[in-house]
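Structural overview for review
Chain residues, written in single-letter form:
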Amino acid sequence: MARWCYRHRLVVLLLWVGALLGVGFSASSAGTNYANVFSLPDTDSKTAYDLMQKAFPATSGDTDTVVWKVTDGSVTDPAVRGRVQPALDRIAKMTGVGAVTSPYAGARGAAQVSRDGKIAYAQLTFVQRANEIPKDLVQKVVDTAHGAERTGLQVELGGQAIQRVQEPPQGLSEIVGIVAAAVVLFLAFGSFFAMTLPIAIAVFGVGMGLFSTQLLSHTTDIPDIAPLLASLIGLGVGIDYALFIVTRHRRGILRGLDPEESAVTALNTSGRAVLFAGGTVCIALAGMLVTRLRFLDGVVIGTSLTVVLSVLAATTLLPALLGFLGPRVLSRRQRRGLAAEGPEPEKASGLAARWSANVQKRPRRIAALALVVMAVLAVPVLSLRLGATDQGNDDASTTTRKAYDLLAEGFGPGFNGPLQVVGVGGDTARLVKGLESTPGVARVAELPPARGVTVIQVVPTTSPQSKETDDLIDTLRDRVIPQSGAQAHVGGVTAVSKDFATVTGDRLPLFIGTIIGLGFLLLLVAFRSLVVPLTAALMNLVAAAASFGVLVAVFQWGWGLDLLGLGKEGPINAFLPVIMLSLLFGLSMDYQVFLVSRMHEEWVHTRDNARAVRVGLAETSRVINSAALIMVCVFLAFVLSGDSGAAMAGVGLAAAVALDAFVLRTALVPAAMHLLGASNWWLPAWLDKRLPHLAVEPAEEIPAPRKPDGPASVIHGFVRTPDGEPVQGASLTLTSAGGRRLDHVTSLADGSYIVSVPAPGAYGLAVTAPSYGAQARQVTVERGPLPYDVELAEEGELDAVNRT
């Protein structure tokens, strides 16, 4: 497939461009129909909601609020009324506004004025839902209301529709993330053309995913946060997957391969790993379905579809683009060096090799330090409180936050989140008295009954997000309502948020067990080891705890919120743990597969765990860290989205990826694997026979230099110490130039050995022995046997990575 896409690159490019334009045009014509559906069966708030729908059919329009405050006098003064009421009348006449309930409309409106007469509010009811209202209409309402302001008269607006117009322009966070990723890619590649490849793949994948999700919103319930999360994860994985493939392609060209062969090899190796990694991300996202929360179903659809399309772009569009660029995927300096000096050997050097050697020398110290860092960051998770954010968490400069604060000041903190006690029988009068006498209740108002249903509005003395309000809901359900003898249920937005957090918390262990167990099975099959997947599962839990600790410290404790411009502290969104754990699991699996697959390849060839871990870390850490840095930039850019849920997810995922890549995969995992030794690769024989064979990334076979055909031969010699003492039991492995194992022997008592060579050519010879360092050498066999003696030094006297 890679070869076909490379050779028919113009056809592939036109197909992708046509598909993107076609889907984009269809989505633009159809519009959006996102819906936030919180289906919480068997909960008290859901029963209350169903009863209210039956007795008081809700209108489809969004209800927003205009709030004003005077510094002197009263809001009922003629001068104040003469400025505010005309503005409300003009708003009421706008097309798209259904009704305006003014505090100046007789005795009923008096309840909309605070007791001190300083603050009043009016309710605006639109004829459409918040996400369907044209932004120019909402902006016109905001401008008209603010036009009534004067010295001593403050006017603010709140509500979902109002919140939409104060958000930054759509696409701002995506653009910032792409620019930041482009800078990292340019520093990593040193080539403008190579930099643009991952960006192009991400744009095509995310664009197709978002347009497709928009079309699907007309056929199924997809929440409005799904596109933000889909673009967040789509940009991250799209750029990273292309980065892995382009890195392998560039390495192939530098080693002397033709651009077409290099592209095919890259897709057949790293491309397969990308397919596996994308599949694990989708499986992890699908794990959200076990929570049976309908709100998350649309998130699964949008994010999984975007990931699938990003993988498809990386495996089809990318080889076509590589065909257009040819050798220009390298920097000018690299092309000049390749022309002047010829292919360069593959070797790990520099900082990556030095760090890898340091981890091998001090595994206990590095593992302990990494664990301490993760444990300290995880401490705040002990105070994690799930809930829901509202406009009280908006930035202090926004009109929605100011309106929220004015309502709390004039009518009490609980006014922004009243509870609805919905009764269907029993002594309602006794229930009202019980509610009025309950500590924590500010006001109780009974609405006229309809169709046998009575709704009692209860305003708490505390804010909707406070723990005291949660405790009040429990008190009403467990004590007040049963003692009154009435049949009633507690509903309202605040009660729904509490029930959603409770249900999510109860189902979280099942969800975590599902994705951790699934990851264990995938890695068990991929690496044929029990210890490697067990280590990965433990590391995932450590990464999750530390990243949630950072999230709690920032958003619940408020550390750095003002610096980031993210508003006021509050509880963590109840849906965020499920979404974050899904994405964290999928992304950490990507890095684990990329890191351990290289270690596993070296282990298969040499059977030397220390060398396998050292070489694997040295050769993959730079790519993993570059990929992680790109993801961190993309995720942090979503702080600019204007959506508190997306900002939380962005900060949480950025912290998770940074800790996972820079602490766990670069330090703790390799240190632990050094400490565990050969037991990393232990698998019972009976289980090995029953497991299917899955090659995540097959060995890359690089064509060996052409040699005259000849008969089979041998390499023979002695394995000795620097003092000339023979080394008995040394393990010698002969491999092809591409890494395929050809022969394996053990040295005799006098240190002698002999390995079979199929034909003249270039081969790799790896030698290991207990208490000695490992060696790997490239040998060239001509006609006839090749004498080759090996000298093994004491362990620790060798260079970090020795692959000459």
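Heads up: these notes are all about the structure in this document. None of these values were measured; they are calculated from a predicted model.

Points about the pattern of salt bridges
In this structure the tally under the stated criterion is 13 salt bridges. Between E261 and R3 there is a salt bridge whose closest N-O contact spans 3.0 Å. On the criterion of sequence distance, the pair formed by E261 in helix 10 (residues 259-286) and R3 in helix 1 (residues 2-7) is long-range, its members being 258 residues apart. Classification of E261 as partly exposed rests on a relative accessible area of 35%. What makes R3 partly exposed here is its relative accessible area of 27%. The partner of D405 in a salt bridge is R401, with the nearest N and O atoms 3.1 Å apart. With D405 and R401 both in helix 15 (residues 399-411) and four residues apart, the pair spans about one turn of that helix. Residue D405 is classed as partly exposed on the basis of its relative accessible area, which comes to 34%. Bridged by salt links that share partners, the residues R3, R7, E260 and E261 form one connected network.

Observations concerning the nonpolar core
If you look at the biggest cluster of nonpolar residues, it comprises 158 residues, and the most contacted ones within it are M288, F555, Y591 and F635. Per-element tally for this core: the top contributor is helix 23 (residues 644-676), with 21 residues. Other than its neighbours up to four places away in sequence, F555 contacts L561, L566, E569, G570, I572, A647, M648 and V651. If you look at the next biggest cluster of nonpolar residues, it comprises 27 residues, including V80, A120, V141 and I162.

Topic: the sheet that holds strand 7 (residues 441-446)
Sheet architecture is open: four strands sit in the order 7-8-6-9, paired in antiparallel fashion. One side of each edge strand has no neighbouring strand; the edge strands of this open sheet are strand 7 and strand 9 (487-491). The mean inter-strand angle of the sheet, taken between neighbouring strand axes irrespective of direction, is 20 degrees. Taken together, the five bridges between strand 6 (residues 419-425) and strand 8 (residues 454-460) define a ladder with antiparallel strand orientation. Bridge pairing in strand 8 places V421 opposite I456.

Some details on helix 4 (residues 78-92)
Between its first and last C-alpha atoms helix 4 spans 20 Å; for 15 residues at 1.5 Å apiece the expected length is 21 Å, and the two agree. All of the buried residues along helix 4 are V80, V84, Q85, A87, L88 and I91. Seen from one end, helix 4 has its buried residues packed into an arc of 160 degrees, which puts them on one side. Among the exposed residues of helix 4, those oriented more than 90 degrees off its buried face are P78 and A79. Close packing links the buried residues of helix 4 with strand 1 (63-70), strand 2 (97-101), strand 3 (119-126), helix 5 (135-146) and strand 4 (153-158).

Overview of the packing of helix 9 (residues 226-254) against helix 21 (residues 576-606)
Relative orientation of the contacting elements helix 9 and helix 21 amounts to 0 degrees, with a least axis distance of 12 Å. With respect to helix 21, the axis of helix 9 lies roughly parallel. Residues L229, I233, V237, D240, Y241 and F244 of helix 9 pack against I579, L583, L587, D590, Y591 and F594 of helix 21. Across the contact of helix 9 with helix 21, the residue classes break down as 10 nonpolar, no polar and two charged.

Concerning the sheet that holds strand 13 (residues 741-746)
Strand order in the open sheet made by the four strands is 13-12-15-16, with antiparallel pairing throughout. In this open sheet, the two edge strands, each paired with only one partner strand, are strand 13 and strand 16 (775-781). Direction aside, neighbouring strands of the sheet carry axes that sit 20 degrees apart on average. The pairing of strand 12 (residues 731-735) with strand 13 spans five bridges and is antiparallel. Bridge pairing links S731 to T746 in strand 13. Sitting on the sheet, helix 21 is in contact with strand 12, strand 13 and strand 15 (761-768), with an inclination near 115 degrees to strand 12.

Notes on the environment of V663
Along the chain, V663 turns up in helix 23. Separated by 28 residues in sequence, V663 and F635 have C-alpha atoms that sit 18 Å apart. Ignoring anything within four residues of it in the chain, the contact list for V663 reads A370, M374, A658 and L668.

Details of the packing of aromatic side chains
Throughout the structure, instances matching the rule amount to eight aromatic pairs. Both rings, one in W16 and one in F204, keep their centres 6.2 Å apart while their planes meet at 85 degrees; by these two values the pair is edge-to-face. With W16 in helix 2 (residues 9-30) and F204 in helix 8 (residues 192-216), this residue pair connects regions lying 188 residues apart in the sequence. Note on accessibility: W16 and F204 belong to one class, buried. When the ring of W557 is compared with that of W559, the centres are 5.2 Å apart and the planes differ by 65 degrees; the resulting orientation is edge-to-face. In this structure W559 comes out as exposed when scored by relative accessible area, which is 55%. Feature note: the residues Y121, F411 and F415 constitute an aromatic cluster, connected by ring pairs. Across the ring face of Y6, the terminal group of R9 is positioned such that the distance to the ring centre comes to 5.4 Å. Taking the ring centre of F718 as reference, the NZ or CZ of R720 above it sits at 4.4 Å.

Some points on empty space enclosed by the protein
Enumeration according to the criterion identifies four cavities of 30 Å³ or more in this entry. By volume, the largest cavity amounts to about 70 Å³. In terms of lining residues, the largest cavity is bounded by Y241, F244, S270, A273, V274, A277, D590, V593 and F594. Mapped onto the lining of the largest cavity, the elements with two or more residues apiece are helix 9, helix 10 and helix 21. In terms of residues, the lining of the largest cavity owes the most to one element, helix 10, which gives four residues. As a volume, the second largest cavity reaches approximately 40 Å³. For the second largest cavity, the full set of lining residues is I516, G519, F520, L523, P533, A536, A537, N540, F585 and M589. For the lining of the second largest cavity, the secondary-structure elements that each account for two or more residues are helix 18 (493-527), helix 19 (531-556) and helix 21. When its residues are assigned to classes, the lining of the second largest cavity shows eight nonpolar, two polar and no charged.

About the criteria used
- Residues numbered from 1 in each chain as written.
- Predicted model: local features only at pLDDT ≥ 70, side-chain atom pairs only at ≥ 80, totals over all residues.
- Heavy atoms only, no water.
- Salt bridge = Lys/Arg side-chain N within 4 Å of Asp/Glu carboxyl O.
- Helix = DSSP H or I, 4+ residues; strand = E, 2+ residues; numbered from the N terminus.
- Buried < 20%, exposed > 50% of the residue type's maximum accessible area, 1.4 Å probe, protein only.
- Core = buried A, V, L, I, M, F, W, Y, C linked by side-chain atoms within 4.5 Å.
- Contact = heavy atoms within 4.5 Å.
- Pairing = 2+ DSSP bridges.
- Axes fitted to C-alpha atoms, helices over the stretch in contact; angles between N-to-C directions.
- Expected span 1.5 Å × (residues − 1).
- Arc of directions from axis to C-beta.
- Parallel < 35°, antiparallel > 145°, perpendicular 65-115°, else oblique.
- Nonpolar A, V, L, I, M, F, W, Y, C, P; charged D, E, K, R; others polar.
- Phe/Tyr/Trp six-rings, centres within 6.5 Å; stacked < 30°, edge-to-face > 60°.
- Lys NZ or Arg CZ within 6 Å of the ring centre and 35° of its normal.
- 1 Å grid on protein atoms, 1.4 Å probe; cavity = no way out; pocket = protein on both sides within 12 Å on 5 of 7 lines; lining within 4 Å.
- Points joined across faces, edges and corners; volume = space filled by probe spheres on them.

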